[in-house]
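In case you want the letters, here they are:
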Amino acid sequence: MQAPEGEPLAAVLRRAGIVALGVSPRDGTPRGAFCFMGSCQECRVLIDGTLAYACRATVRRDMKVTAYVAS
């Protein structure tokens with residue numbers, strides 16, 4: 001997927017129609033960006049293998065984003 005560098009990752013994903021970023025460890029329901037400021041912790045993803053918030057992360061070249069599943 002292509003996006004301008006520096007744009008918030010959560011915004012890019014939502015614009016692309018990707019709203020489920022992970023699943024709840026309790027009941028398996030999808031989780032995604034909710035507050036868009038890092039308070040709710042619902043948009044946790046793995047960026048290059050490191051846990052991060054999609055709403056606070058900015059797009060950079062060749063980043064690898066995967067869903068985060070808490071255990």
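Residues numbered from 1 in each chain as written. Predicted model: local features only at pLDDT ≥ 70, side-chain atom pairs only at ≥ 80, totals over all residues. Heavy atoms only, no water.

By the naming in an unreviewed UniProt entry, the chain is (2Fe-2S)-binding protein, taken from Gluconacetobacter diazotrophicus.

Observations regarding the pairing of strand β4 (residues 50-53)
Applied cut-off: Should DSSP find at least two bridges between two strands, the strands are taken to pair. Every helix listed is a DSSP run of H or I at least four residues long, and every strand listed is a run of E at least two residues long, numbered separately from the N terminus.
Where strand β3 (residues 44-47) and β4 come together, four bridges link them in antiparallel fashion. Across the sheet, I47 pairs through a bridge with T50, a residue of β4. Hairpin connection of β3 to β4: two residues between the antiparallel strands, including D48 at a positive phi of 50 degrees.

Topic: the nonpolar core
The condition is simple: To qualify as a nonpolar core, a set must consist of buried Ala, Val, Leu, Ile, Met, Phe, Trp, Tyr and Cys residues joined through side-chain atoms within 4.5 Å. Relative accessibility thresholds used throughout: buried, under 20% of the residue-type maximum; exposed, over 50%; partly exposed, between the two (1.4 Å probe, protein chains only). We call two residues contacting when some pair of their heavy atoms lies within 4.5 Å.
L9, L21, C43, V45, I47 and A54 are the most contacted members of the largest nonpolar core, which totals 14 residues. Only α1 (9-15) and β3 provide two or more residues apiece to this core. Among the elements that take part in this core, α1 stands out by supplying four residues, more than any other. Ignoring anything within four residues of it in the chain, the contact list for A54 reads P8, L9, A10, L21, C43 and V45.

Observations concerning the sheet that holds strand β1 (residues 22-23)
Picture the strands of a sheet paired through backbone hydrogen bonds; they go either parallel or antiparallel. With mixed pairing, five strands are arranged side by side in an open sheet as β2-β1-β5-β3-β4. Of all the strands in the sheet, just β2 (30-31) and β4 have a single pairing partner and so form its edges.

Focus on the side chain of E7
As for its placement among the helices and strands, E7 is situated in the segment before α1. Ignoring sequence-local partners within four residues, the contact set of E7 consists of V12, R15, A57, T58 and V59.

Focus on the side chain of S24
Checked against the element boundaries, S24 lands in the loop between β1 and β2. Beyond its immediate chain neighbours, meaning those up to four positions away, S24 contacts T29 and R31.

What to know about the environment of G49
Looking at where G49 falls in the secondary structure, it is placed in the loop between β3 and β4. Each C-alpha atom, one on G49 and one on R31, is 19 Å from the other, the two residues being 18 residues apart in sequence.

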